[in-house]
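A structural walkthrough
Listed below are the residues making up each chain.
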Amino acid sequence: EIIQGDGLLLLPAFVDLHAHLREPGQEYKEDIASGLAAAAAGGFAHVCAMPNTRPVNDTRSITEAMIARARAIGGPALHPIGAITMGQKGAELTEMADLKDAGAVAVSDDGRCVTSSSVMRRALEYAKTFDLTIIQHAEDHALTDGAQMHEGAISTRLGLRGWPRVAEDIIVARDVLLAEATGARYHVAHISSLGAVRILREAKARGIAVTAEVTPHHLTLTDAAVLGYDTACKVNPPLREQADVDALREALADGTIDAVATDHAPHSTLEKDCEFAEASPGLIGLELVVPVLLDLVRQGALPLGRLVDALTRAPARIARLEAPTIKAGARAELCLVDPNLSFVLDPARLRSKSKNTPFLGRQLTGRVKMTLASGRVVFVDGEGAAT
Ligand code: NCD
Ligand code: ZN
Ligand code: ZN
């Protein structure tokens, strides 16, 4: 499928399964208002917010406060993801029944991995009784202690400690077995390694209830982007190699990887304008999905229909949300995209409070012109904020 003509594309609005909106507690990076404004500018009508806030979203009251704040703003809908363990400390399970009742759509300890097999097994069993998906940040911390980037030729050249692929693969493999044993729903966050893709493919072929998401940056960048110690490219899991990128693209195209999720991870300039070893990991993504991923469609690596499914129906299914669809009489949740509009990414244009993206200053093609969420116009290109 080729994007053709001069016209605008009409698409269902997107659902992000994985964003860090930083409220409560780290509003200098982002808050719910700025995060949802960025989401609207990116074409999103629904944003699932990760629980690694300060305090961690491990209780009903925080989940409820986040939803109330978002409703008062009136932009895209916010769906909190609750923590799996209290304080994301990996030991005591949260009251998932309360979290779900308060509006949480899934549970995750993102930013940390649930590394204990026994805690993970109990979490899966418990979440299953509430039909909640467990979203795992798959990282064996015993293998990533002090790691700064992907372990390979470039980490050696730069003299930075590496985060080997196998640290991800080991956890995905174990969790797939635990998901099979418990019958619970297990979702791999920001999958990045070719080995994890292979395990996922085998698991799905065997009928295990496992799903996965991939980020735009893992689909388009490699560890070569870190050369020159570019802290904008420091992220967890790290940018890997071309063979991984190829495996991720193929798996997204054939449906092995279900969804695209941004892992929008805002950090202040101070947290990136420093030594590589000191820099906070993560990059922003809500406003960049369309230009970055339409490039894959243009290159013939991904059919447009599959990309749209990965941004709408697939994430909605995983979070048990109603997927935005375009049909007569439906409450409008859609976006209009100009696939041919080329621009240089200017930080002043970004609605996010943080500007940490390696795409700054790059020539990009494809822009969201308008977004409707829950029947209301939530974004018009050129209006509001800085243009
Ligand atoms: C995320 C963050 O900053 O909260 N950082 C990142 O590098 N992706 C945490 C996470 O997604 O693991
Ligand atoms: Zn993570
Ligand atoms: Zn994350």
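Before any of the text, the structure's been laid out above.
Since the structure is predicted, the reported quantities are computational estimates derived from the model, not experimental observations.

What counts and how
- Residues numbered from 1 in each chain as written.
- Chains lettered and ligands numbered in written order.
- Predicted model: local features only at pLDDT ≥ 70, side-chain atom pairs only at ≥ 80, totals over all residues.
- Heavy atoms only, no water.
- Disulfide = S-S within 2.5 Å.
- Buried < 20%, exposed > 50% of the residue type's maximum accessible area, 1.4 Å probe, protein only.
- Salt bridge = Lys/Arg side-chain N within 4 Å of Asp/Glu carboxyl O.
- Helix = DSSP H or I, 4+ residues; strand = E, 2+ residues; numbered from the N terminus.
- Donors = N, O, S within 2.8 Å, 3.2 Å for Na, K, Ca; no water.
- Near = heavy atom within 4 Å.
- Polar contact = N/O pair within 3.5 Å; in protein donor to acceptor, adjacent residues only side chain to side chain.
- Areas by Shrake-Rupley, 256 points an atom, 1.4 Å probe, with all protein chains shown as cover.
- Contact = heavy atoms within 4.5 Å.

1. Some words on the state of the cysteines
Taken as a whole and judged by the stated rule, the model has zero disulfides. Cysteine cysteine 48 is unpaired, with the sulfur of cysteine 335 as its nearest cysteine sulfur at 17 Å. Under the relative-accessibility criterion, cysteine 48 is labelled buried at 0%.

2. Section: the pattern of salt bridges
Under the counting rule described, the total for this entry stands at 21 salt bridges. Close ionic contact of arginine 69 with glutamate 23 constitutes a salt bridge, the shortest N to O distance being 3.6 Å. Note that arginine 69 is positioned in helix 2 (residues 60-73) and glutamate 23 in the loop between strand 2 (14-19) and helix 1 (32-42), a separation of 46 residues in sequence. On the basis of relative accessible area, arginine 69 is assigned to the partly exposed category, the value being 35%. Here aspartate 381 ties to arginine 349 by a salt bridge, and the two come within 2.9 Å at their closest N and O atoms.

3. Side note on the coordination of the zinc ion (ligand 2)
Octahedral metal centres with six donors ideally show angles of 90 or 180 degrees, and tetrahedral centres with four donors ideally show 109.5 degrees. Distances from the zinc ion (ligand 2) to its protein donors, Asp110 (OD), His137 (ND1) and His190 (NE2), fall at 2.0 to 2.1 Å. For the zinc ion (ligand 2), all donor residues lie on one chain, and their spacing in sequence is D-x26-H-x52-H.

4. Thoughts on the site of ligand 1
Looking at ligand 1, there are 15 residues lining it, with Arg22, Asn52, Asp110, Asn236 and Asp263 nearest. Here an oxygen atom of ligand 1 and a side-chain polar atom of asparagine 52 are 2.9 Å apart. At 3.2 Å from a nitrogen atom of ligand 1 is found a main-chain nitrogen or oxygen belonging to proline 281. In isolation ligand 1 exposes 310 Å². Once the protein is present, 94% of that is buried.

5. A closer look at the coordination of the zinc ion (ligand 3)
Protein-derived ligands of the zinc ion (ligand 3) are His18 (NE2), His20 (NE2), Asp110 (OD) and Asp263 (OD), with the metal-ligand distances lying across 2.0 to 2.2 Å. Here the donor residues of the zinc ion (ligand 3) are spaced in sequence according to H-x1-H-x89-D-x152-D. The metal-metal distance between the zinc ion (ligand 3) and the zinc ion (ligand 2) is 3.7 Å, with aspartate 110 coordinating both.

6. Observations regarding the environment of alanine 332
Summarising the element assignment, alanine 332 is placed in the loop between helix 13 (313-318) and strand 12 (334-344). In this structure, the C-alpha to C-alpha distance between alanine 332 and serine 374, residues 42 residues apart in sequence, is 6.1 Å. Excluding residues that lie within four positions of it along the chain, alanine 332 makes contacts with Leu372, Ala373, Ser374 and Gly375.

None of the figures reported here should be taken as evidence of function without further support.
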